[in-house]
Amino acid sequence: MTIKNRLRILVVEDEEAIRTGLEDLLVFHGYAVEGCADGRRGLDLAMSGTFDLVLLDIMLPGLDGYAICERIRAQDREQPIVMLTARSADDDIVKGLSLGADDYVSKPFSVAELMLRVEAVLRRSRAGTEIANRIRLGADVDIDVRNLSGTRGDEALEFTRREMEVLQYLHAHGDRAVSREELLNKVWGYSRTADIETRTVDIHIARLRRKIEADSGSPVYLLTVRGAGYRLVGGD
Ligand code: CA
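Every chain is numbered independently, its residues counted from 1 as its sequence is written. Given that this is a predicted model, residues contribute local features only at a pLDDT of at least 70 and side-chain atom pairs are listed and counted only at 80 or more, while totals for whole chains, interfaces and linings are drawn from all residues. Side-chain measures were taken over the full set of non-hydrogen atoms in the model, leaving aside hydrogen atoms and water.

Here's the deal with the sheet that holds strand β8 (residues 149-152)
Selection rule: Two strands pair if DSSP finds at least two bridges between them. Where helices and strands are cited, they refer to DSSP runs of H or I of at least four residues and of E of at least two residues respectively, numbered from the N terminus. In this description, a line fitted to the C-alpha atoms serves as the axis of each element, helices being fitted only across the stretch in contact, and the angle between N-to-C directions of two axes falls anywhere from 0 to 180 degrees.
One open sheet holds the four strands; their spatial order is β6-β7-β8-β9, and the pairing between them is antiparallel. The sheet terminates laterally at β6 (134-137) and β9 (155-158), the two strands that pair on one side only. Going across the sheet, the axis of each strand differs from the next one's by a mean of 15°, ignoring polarity. As paired strands, β6 and strand β7 (residues 141-144) are joined by four bridges and run antiparallel to one another. Residue pairing for β7: Leu137 is matched across the bridge by Val141.

A short note on unusual backbone geometry
Omega for the bond connecting Lys107 with Pro108 falls within 30 degrees of zero, at -5°, which places this linkage in the cis form. Looking at where Pro108 falls in the secondary structure, it is placed in the loop between β5 (103-107) and α6 (111-127). The phi torsion at Leu148 lies on the positive side, around 55°, for a residue other than glycine. Looking at the secondary structure, you find Leu148 in the loop between β7 and β8.

Some remarks on the environment of Glu23
To keep it simple, the criterion reads: The contact criterion used throughout is that any non-hydrogen atoms of two residues lie within 4.5 Å.
Within the fold, Glu23 resides in helix α2 (residues 16-28). Separated by 12 residues in the primary sequence, Glu23 and Gly35 place their C-alpha atoms 6.8 Å from one another. Residue contacts for Glu23: discarding those within four places in its chain leaves Val33 and Gly35.

Structural notes on the pattern of salt bridges
Pairs may arise between side chains of opposite charge once their charged atoms sit close together. Selection rule: In the sections that follow, a salt bridge refers to a side-chain nitrogen of Lys or Arg positioned within 4 Å of a carboxyl oxygen of Asp or Glu. For every residue, the accessible area obtained with a 1.4 Å probe (protein chains only) is divided by the maximum for its type, and the residue is called buried under 20%, exposed over 50%, and partly exposed between those limits.
Under the defined criterion, the tally for this structure stands at 18 salt bridges. Its salt-bridge partner being Glu34, residue Arg8 comes within 3.7 Å of it at the nearest N-O pair. Taken together, the positions of Arg8 in strand β1 (residues 8-12) and Glu34 in strand β2 (residues 32-36) put the pair 26 residues apart, joining distant regions of the chain. Across the pair Glu163 and Lys211 runs a salt bridge whose closest N-O atoms are separated by 2.6 Å. Here Glu163 is found in helix α7 (residues 161-172), whereas its partner Lys211 is found in helix α9 (residues 199-212), with 48 residues between them in sequence. Just as Glu163 is buried, Lys211 falls in that class too. What emerges from the salt-bridge pattern is a single network uniting Glu13, Glu15, Asp57 and Lys107.

Focus on the coordination of the calcium ion
Convention followed: With water omitted from the atoms examined, metal sites may look incomplete; donors here are N, O and S atoms no farther than 2.8 Å from the metal, or 3.2 Å in the case of Na, K and Ca.
Around the calcium ion, the donor atoms from the protein are Asp14 (OD), Asp57 (OD) and Met59 (O), and they sit 2.1 to 2.3 Å away. Of note, the donors binding the calcium ion are all from one chain and are spaced D-x42-D-x1-M. With Asp14 in the loop between β1 and α2 and Asp57 in strand β3 (residues 53-57), this pair connects stretches of sequence that are 43 residues apart. Its relative accessible area of 4% is what places Asp57 among the buried residues.

Brief notes about empty space enclosed by the protein
Here the idea is plain: a probe the size of a water molecule rolls over the atoms and shows the empty space left. Note the threshold: In this analysis, the protein atoms alone were mapped onto a 1 Å grid. Cavities are point sets where a 1.4 Å probe fits without being able to get out; pockets are open sets with protein on both sides within 12 Å along at least five of seven lines; lining residues have an atom within 4 Å of a point. Grid points are joined across faces, edges and corners, and a volume is the space filled by probe spheres set on the points. Each residue is assigned to one of three groups, with Ala, Val, Leu, Ile, Met, Phe, Trp, Tyr, Cys and Pro labelled nonpolar, Asp, Glu, Lys and Arg labelled charged, and all others, Gly among them, labelled polar.
Throughout the structure, instances matching the rule amount to one cavity of 30 Å³ or more. Empty space within the largest cavity amounts to approximately 30 Å³. Around the largest cavity sit Ala46, Gly49, Ile72, Gln75, Asp76, Gln79 and Arg176, which together line it. Grouping the constituent residues of the lining of the largest cavity by class yields two nonpolar, three polar and two charged.

Re the nonpolar core
Formally: For our purposes a nonpolar core is just a set of buried Ala, Val, Leu, Ile, Met, Phe, Trp, Tyr and Cys residues, chained together by side-chain atoms within 4.5 Å.
With 26 residues, the main nonpolar core has Ile143, Leu170, Leu183 and Ile212 as its most contacted residues. Among the elements of the structure, β6, β7, α7, α8 (180-186), α9 and β11 (229-232) are those that each provide at least two residues to this core. Broken down by element, this core gets its largest block of residues, five residues, from α7. When sequence neighbours within four positions are dropped, the list of residues in contact with Ile143 reads Asn133, Arg134, Ile135, Leu137, Ser149, Gly150, Phe159, Met164, Leu167 and Ile212. Judged by nonpolar contacts, the second largest core, of 20 residues, contains Cys36, Phe51, Leu56 and Ile81.

Functional significance is not addressed by these values, which are geometric in nature.
Okay, structure coming up:
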């Protein structure tokens, strides 16, 4: 239960009875839940990248579930998304899945069915996260993840466990920028980051740069993406 307690689910659903019912049910099953009734707000929350799963209604005020799904997918291929569709609305289901949703649940749904779907999608997404044992950056940096060590040219490198976890996370998501909030959530395990001093992330990034980047000039591997966070490039 301790790991499950930290999993966060976003529920975007404008029908209050359904949304609060889902929130209560998921909290009861040990998840941290955030509910939202508006499509645009839902998109913003989903794009923060801090949710393990997004439960997404289709007809929403502001922005519909298809558009939200499409926008999430454009940024993050791995974000688990489950669409909430009307019973027997085959077109909705096909459209949702073709836009990249992982699964769907038809309303009205049974509690058992919903929990099965949620748990299955979460299990698949966690199993699919590959951990690299070796991270190579450009021609000169070679990092041995398990031994917390590496080399840059002739120079030996050593990393703390947390520095390596940050590197691994950035490497695993190298196709996009990762926000400070996401790093605090996924690497440090903080479920709520609003009140947390964020310099801890900046300090780790600075320490990593001193190790993997050349002594002079701008970073070429661990980049700052303005307004979005950090991105590790040049790796294989
Ligand atoms: Ca709706």
